[in-house]
Structure formats: C-alpha cells, structure tokens
Amino acid sequence: MSDTRPARLSALRDALARANLDALLVSSLPNVRYLTGFSGSNALLVVTAKECVLLTDFRYATQVQEELGASASVRIESTSLWTGLWAQLAALNGVERIGFESMHLLHRDFARLLAQGARWSWRPTTDLVETLRVVKDAGELAHIERAVAMAETALRHTVPMLRAGLTETAVAGILERHLRDAGSEEFPFATIVASGPRSALPHARASDRVLETGDFVLLDFGAVAAGYCSDITRTFVLGRASGEQREVYDIVQQANSRASGALRVGMTGMAADAIARDYIDARGFGEAFGHSLGHGIGLEVHEAPRLARIVESPLAAGTVVTIEPGIYRAGWGGVRIEDDVFLSDAGPRVLTGFPRALHELS
Ligand code: ZN
Ligand code: ZN
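Asker: Provide a residue-level description of the overall build of the chain, including the pertinent values.
Answerer: Along the backbone of the chain there are ten helices and 19 strands. Relative to its length of 362 residues, the chain is compact, with a C-alpha radius of gyration of 23 Å against a globular reference of 21 Å. Within the chain, buried positions represent 53% of all 362 residues. When contacts within the chain are restricted to residue pairs at least 6 apart in sequence, long-range pairs at least 24 apart make up 66% of them. Of the accessible surface of the chain, which amounts to about 15400 Å², a share of 52% is contributed by carbon and sulfur atoms. The centroid of the 36 positive side-chain charges in the chain is displaced by 1 Å from the centroid of its 43 negative side-chain charges.

Asker: Residues and numbers for the coordination of the zinc ion (ligand 1), please.
Answerer: Ideal donor angles around a metal are set by the shape: a four-donor tetrahedron calls for 109.5 degrees, a six-donor octahedron for 90 or 180 degrees. Protein-derived ligands of the zinc ion (ligand 1) are Asp220 (OD), Asp220 (OD), Asp231 (OD) and Glu338 (OE), with the metal-ligand distances lying across 2.0 to 2.6 Å. In this structure, the zinc ion (ligand 1) is surrounded by four donor atoms whose angles at the metal cover 54 to 150°, and the resulting shape is irregular. Each donor residue of the zinc ion (ligand 1) lies on the same chain, and together they follow the pattern D-x10-D-x106-E. Between the zinc ion (ligand 1) and the zinc ion (ligand 2), a separation of 3.2 Å is found, and both are coordinated by Asp231. One end of the pair, Asp220, is in strand 8 (residues 216-221); the other, Glu338, is in the loop between strand 16 (333-336) and strand 17 (339-344), with 118 residues separating them in the sequence. Like Glu338, Asp220 is buried.

Asker: I'd like a rundown of the pairing of strand 15 (residues 326-329), residues and numbers included.
Answerer: Sheet topology note: the strand 15/strand 16 ladder contains four bridges and is antiparallel. Within the sheet, the bridge partner assigned to Arg329 lies in strand 16 and is Gly333. Connecting strand 15 to the antiparallel partner strand 16 that follows it, the hairpin turn spans three residues, and Gly331 within it adopts a positive phi of roughly 85°.

Asker: Could you give an account of the sheet that holds strand 8, with specific residues and numbers?
Answerer: Across the sheet, which stays open at both edges, the four strands sit in the order 7-8-11-19 with mixed pairing between neighbours. One side of each edge strand has no neighbouring strand; the edge strands of this open sheet are strand 7 (192-195) and strand 19 (360-361). The sheet contact formed by strand 7 and strand 8 spans four bridges and is antiparallel. Pairing of Ser195 across the sheet is with Val217, part of strand 8. Lying over the sheet, helix 7 (residues 138-158) contacts strand 8 and strand 11 (232-238), oriented at roughly 15° with respect to strand 11.

Asker: Outline the packing of helix 7 against helix 8 (residues 168-181), listing residues and values.
Answerer: In contact at an axis separation of 8 Å, helix 7 and helix 8 are set at 135° when each is read in the N-to-C sense. In terms of orientation, helix 7 lies oblique with respect to helix 8. As helix 7 packs across helix 8, the resulting crossing turns out to be right-handed. For the pair helix 7 and helix 8, contact is made by Met150, Ala151, Ala154, Leu155, His157 and Thr158 and by Ile174, Leu175, His178 and Leu179, respectively. Looking at the contact of helix 7 with helix 8 residue by residue, the classes come out as seven nonpolar, three polar and no charged.

Asker: For the packing of helix 1 (residues 5-18) against helix 2 (residues 29-36), give the residues involved together with the corresponding values.
Answerer: Taken N-terminus to C-terminus, the directions of helix 1 and helix 2 make an angle of 120°; their axes are 7 Å apart at the nearest point. Regarding the angle of helix 1 to helix 2, the classification is oblique. Counted together, Arg5, Arg8, Leu9 and Leu12 of helix 1 and Tyr34, Leu35 and Thr36 of helix 2 form the full contact between these two elements. Class assignment for the residues of the contact of helix 1 with helix 2 results in four nonpolar, one polar and two charged.

Asker: Go over the domain arrangement of the chain with me, naming the residues and quoting the values.
Answerer: Domain boundaries in the chain define domain 1 (5-132) and domain 2 (138-361). Taking only C-alpha atoms, the centre of domain 1 and the centre of domain 2 are 35 Å apart. Between domain 1 and domain 2 lies a buried interface of about 450 Å² when both sides are counted; carbon and sulfur atoms form 58% of it. The interface formed by domain 1 and domain 2 holds one salt bridge in total. Here Arg8 makes a salt bridge to Glu140, at a shortest N to O gap of 3.7 Å. Inspection of the region where domain 1 meets domain 2 yields one residue pair in polar contact (both at pLDDT 80 or more). Considering each element in turn, the side of domain 1 that touches domain 2 owes the most residues, three residues, to helix 2. Taken together, the residues that form the side of domain 1 that touches domain 2 break down as two nonpolar, no polar and two charged.

Basis of the calculations
Residues numbered from 1 in each chain as written. Chains lettered and ligands numbered in written order. Predicted model: local features only at pLDDT ≥ 70, side-chain atom pairs only at ≥ 80, totals over all residues. Heavy atoms only, no water. Helix = DSSP H or I, 4+ residues; strand = E, 2+ residues; numbered from the N terminus. Rg over C-alpha atoms; globule rule 2.2 N^0.38 Å. Buried < 20%, exposed > 50% of the residue type's maximum accessible area, 1.4 Å probe, protein only. Contact = heavy atoms within 4.5 Å. Areas by Shrake-Rupley, 256 points an atom, 1.4 Å probe, with all protein chains shown as cover. Lys, Arg positive; Asp, Glu negative; His and termini not counted. Charge placed at Lys NZ, Arg CZ, Asp CG, Glu CD. Donors = N, O, S within 2.8 Å, 3.2 Å for Na, K, Ca; no water. Tetrahedral: all angles 85-135°; square planar, octahedral: opposite > 155°, others 65-115°. Pairing = 2+ DSSP bridges. Axes fitted to C-alpha atoms, helices over the stretch in contact; angles between N-to-C directions. Parallel < 35°, antiparallel > 145°, perpendicular 65-115°, else oblique. Left-handed = near helix turned anticlockwise from the far one by under 90°. Nonpolar A, V, L, I, M, F, W, Y, C, P; charged D, E, K, R; others polar. Domains from an automatic or database assignment. Buried area = accessible area lost by both parts, 1.4 Å probe. Salt bridge = Lys/Arg side-chain N within 4 Å of Asp/Glu carboxyl O. Polar contact = N/O pair within 3.5 Å; in protein donor to acceptor, adjacent residues only side chain to side chain.

Written out as structure tokens, the structure reads:
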C-alpha cells in the first residue's frame, strides 16, 4: 500500500491556505495519527506550508521513529511539550497566524497560547482534519473491514454461550475475550450488554443483572484494527420470542434494511435518518426511536458524518457509517440492529454480514 500521508498533509495545507493560516497546531491524537501514523498518547503536531513537526516525549522515542517514517520531523521533549512548542515555532520563519483545534484544546492549554505563545496570533478552527477523515481510502477501508471481521468472529463464538443465569458483565467478558482472541487491539467503547428491561436503555453498560428466559439480549460492541473501529449491535431473544417481541424486532429489522439499502452519495444525513424514522413512525413506534440513525466510523468510533434529523450536509462517496435504528420501551425492553456500511458512487455496501433475522437462543 502506498504512503497516503503526503496526500493528507497536502490536502490539509490547501485547507490552511483557504483559511488564511500559516500553520495548524494539531492536538487531537486521532488527527495526529491520521496525518503522521503516530499512535502514542502524548503529542503535539505543527503543520505549516512546508514543515511538519511532531513533539512527543521519551516514552515514545523508539515507536515514533518506526511509525512516522518521513512524514514529519520529530522532537523528543524531556520537560513539557509546550516548552518545546515555543522553541519550534520560534524556529519556523514566516509563521504568524496559527490555527488551533477549538474542539480539542483544553482551556488550560488555550491559556498557554495566550500567555507563553502571545507573540503568535491564534485562530480557532473546527474540523480541518476531521473533514479530510470523512472519506476513507482503500487502506482505511481494509482496516475497518478487518475490525468488522474480528467483531463478527467474536460474536459467532459468543452466541452459543449465551444462557439464562449469566450476568451481563459475564457476557461482556466472554465477548471481549473473543474480541481479543480475534486480534482486536482494544475496545472502541465499553461493551454494551443490556438484557430484559435494560435493553430499553440505548447506552446501557453491562450490569450485574442476571439473564432470564424470555429476555431480549442486546450486544453493542466493536473491535479495533490498526486504530480503526467497527461498531455492531445485534439483539437476541433468550428462549421463544413473544408476539410483541417479534413485531418490534421485525420493525427494527425492516427499518435497518430499508435505510442501508437506500443510502446514496449526495443524500443528506437528515434524509438518510428519515428513511428509518418514517418507517418506524408509520408502524406506530415513532416516539420509541429517540436517537439518530447513525454516525461515521474510522479512527474514532463516533466521527463525521452524522445521520441525524438536523444534518443538512450531503453524504460523500467513500464514507463508512453505521445504520442503527432502534425501538426502546421503558420497562419492557428494546431492540437495536446496527450495521457498518461503506458508501460509494456504486451505492451502499453493508460490511457486516452477521445475520439480522430474529435469533431465538435455545
Ligand atoms: Zn454501537
Ligand atoms: Zn454506533
């Protein structure tokens, strides 16, 4: 695979020129990783029209050389990255107006810019790098597909072990162990296991609740491959499903397949969301779908674009988004079915292959 970093830096430099900035201070670690390949937990990156300088600390001296290649020059700071930053900026000629990432800079660090960094003029920016990250290249798509495969392998190993008497945390442990066995580097978010009435909580964490026959069991989890995330939800029934459970499950499954199949380049996030929402509404459960339809995935598990009621921007070719309609009824339970979908000019391609049909666990 060819090195994509020069093209990413070049696209960022075009954006800096359009924003009339001499440089950008990148403090978001996923953005640092996207631009340079560095995956450590402490870094500041300065990008100018000609230079790209990464500051990190002694712990990463070996790793940073391996990961960066020629994408940036490296400074290992023995005290504070900020002390190093002032020295680096002073050495860069012609740099006056510098953007900072207003979504990712702590107020404490902003105060540093105004105090020790007062000789430069600081401008807030939003999403300069995030905008570039929306469209995935072939290498990024391959990483996401690997993360999807890991998650599905883990799920296939976990499903036969689900039974009444296990706690939700025990189920999370089984699933996470299989995610690790499948090669997942870490967990993109705390694995959600929500059973019985708790499946009505869209963002439940696994609890000490014991699974009972007749429960919905909702699993929402993901894997990480080369920094890229997958994000999948499946909902099962422990034992035989009731008529009401079947009905609700069927609506969510239909909403999922309609939205996944209808996704098109140029469609607004709002229009995509409406496909699932209008269907659920027409089936009488509009009030019970209280979150948005989906979100981009990549180096972060929630990133642009969003598929939501208020999003008017059109979907670009090359994005990977989740499609995750749900119905939640307090005290009764809930169903969510979440797939990962790659969108290109050829249409949508659902990356998740795990069956969506109602699965009654015996
Ligand atoms: Zn999820
Ligand atoms: Zn999600």
